[in-house]
Amino acid sequence: MSSVKHLVASIVHFLNDQMQNGGLTSDAVESLEVAIQCLESAYSVSGADDSLRPTTPLLDIFRDYTATLDDVTELPPEATPENKAEAERLKAEGNTLTREERHQEALASYTKAIALDGRNAIYYCNRAAVHSKLNNFQQAIADAKQALKIDSSYSKAYARLGLAHASLGQHEEARNAYAKALEMEPDNESYRNNLQLAQEKLTGAGASPFLMGGEPNLANLGPIGSMLGNSNLMAMASQVLSDPNMQNVLSNIVSGTPPGSTGAMDALLRAGQQLAEHMQSANPELVEQLRRQLDTQNQNNGAPGEEPPAPPSL
C-alpha cells in the first residue's frame, strides 16, 4: 500500500478514536462519520481494518514532531569531569531529601546539579517528580519534556509527564504519556494501571470504588455504616483516591505483596494510614466532624459502666 493510503488510514483511525474518546457533541460525531466515509471511499481504505492501524498513533507522531518546536531549553555544552562528579553528589543529596519529604531542599539540590551538568536526563526527571509533589505541575511538565529531549526512550520521564498532565485534568495527554512509558517498559504494572485510569477518565467509564459490589445495608454496619453514608466524606475520599499522586503512593505500598501473606495486612494498614493522612490534609474540618460523630455514637453504644471505646485515628 502506498504511503498516501497509509496516511489516510492513520487519519481515519485517529478520527474514529476522536469519535469514541474525544468528548465531542453528537453533531460533531455525525460530521466525523461523514468525513470518515468520504475518506474511505476516496482512497479505498477501511477504518475497520486493524492491519492498517499505525503502530504509533498519528497524534503521537504529530506531538513528537511539534515537540521539537516547543520552547524547551537548549542543551548546554558537555560538563567537565569535576562538574559531573559534583552534580552526581548533588543528585544523591536530592534523592535523600526527597525520601525525607524535604521537597524544597531537594528541588534546590537538583537545580544545582542541572546547573553543573545540564545534559543528564535523570536530574530533570527527578526535579519533575519534586515539582509534582509541590503541585508545580507546569514546571514538572517542562522538566519531563527536557529529560525526554535528552533521552527520548526514558520511560520514567514519560511517567512523570503523565502524572503532571493527569494532575491538571489533561487526561488525553496523560494517556498518551503513559502509553509511551508502557511502550518502553511493557511489564510495568504501575504504568499499565495509570494508562487504564487515564483512559477511563476520558471515556467516563471509571466508577467510584465505593459503588462496586452493590449497596450494602449501612444500618447494619454501625460506625462504619455512618462513614459510608456520609456523602461529604465519600465525595472527599473518592476525590483523594482519584488523585494520581495518591494512587502512586498506594500502588507502591501494595505492589509485590501477595494476598494473604503477613505483609499484606501491613501493606493494607500503611495504605489506610496514607489515605487518612491525605484526607486530613485535604479537609481537616470534615475529618474532625466525623471524629465527633463517631465519638458520640461510641458513647451511645457503650455498655453501662464501661468506658466507651476511643474513636479511630483518622
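Being a predicted model, the structure only gives us computed values, none of them experimental.

Overview of the UniProt feature "repeat: TPR" (unreviewed entry) in the protein
Per the UniProt annotation, the sites labelled "repeat: TPR" (unreviewed entry) are residues 87-120 and 155-188. Between the first and last C-alpha atoms of residues 87-120 the distance is 9 Å; the span itself is 79% helix and 0% strand. Note that residues 155-188 is 79% helix and 0% strand, and that its end C-alpha atoms are spaced 10 Å apart.

Overview of the environment of Glu200
Topologically, Glu200 is positioned in helix 10 (residues 189-203). Between the C-alpha atom of Glu200 and that of Arg175, which follows or precedes it by 25 residues, the distance is 9.6 Å.

Some words on the nonpolar core
Counting 31 residues, the largest nonpolar core has Ala147, Leu148, Tyr154, Ala157, Leu161 and Tyr178 as the members making the most contacts within it. With seven residues, helix 8 (residues 155-167) is the largest single contributor of residues to this core. Among all residues touching Ala157, those that are not within four sequence positions of it are Cys125, Ala144, Ala147 and Leu148. Within the second largest apolar cluster, six residues are counted, among which are Val12, Leu15, Ile36 and Val45.

Remarks on unusual backbone geometry
Non-glycine residue Ser44 carries a positive phi angle of around 55 degrees. Within the fold, Ser44 resides in the loop between helix 2 (26-43) and helix 3 (58-67). Given a relative accessible area of 55%, Ser44 falls into the exposed group. The backbone of Asn135 shows a phi angle near 65 degrees, a positive value even though the residue is not glycine. Residue position: Asn135 is located in the loop between helix 6 (121-133) and helix 7 (137-150).

Things to note about helix 2
Relative to the 26 Å expected for 18 residues at 1.5 Å per residue, helix 2 spans 26 Å between its end C-alpha atoms, a close match to the ideal helical length. For helix 2, the full list of buried residues reads Val29, Leu32 and Ile36. Buried residues along helix 2 cover an arc of 55 degrees about the axis, so they all sit on one side. In helix 2, those exposed residues whose orientation departs by more than 90 degrees from the buried face are Asp27, Gln37, Ser41 and Ala42. Against the buried residues of helix 2 lie helix 1 (3-21). Among the residues trailing helix 2, Ser44 stands out with phi positive, at a value near 55 degrees.

Reading the values: rules and limits
- Residues numbered from 1 in each chain as written.
- Predicted model: local features only at pLDDT ≥ 70, side-chain atom pairs only at ≥ 80, totals over all residues.
- Heavy atoms only, no water.
- UniProt positions renumbered as here; feature names shortened; annotations may be inferred.
- Helix = DSSP H or I, 4+ residues; strand = E, 2+ residues; numbered from the N terminus.
- Core = buried A, V, L, I, M, F, W, Y, C linked by side-chain atoms within 4.5 Å.
- Buried < 20%, exposed > 50% of the residue type's maximum accessible area, 1.4 Å probe, protein only.
- Contact = heavy atoms within 4.5 Å.
- Expected span 1.5 Å × (residues − 1).
- Arc of directions from axis to C-beta.

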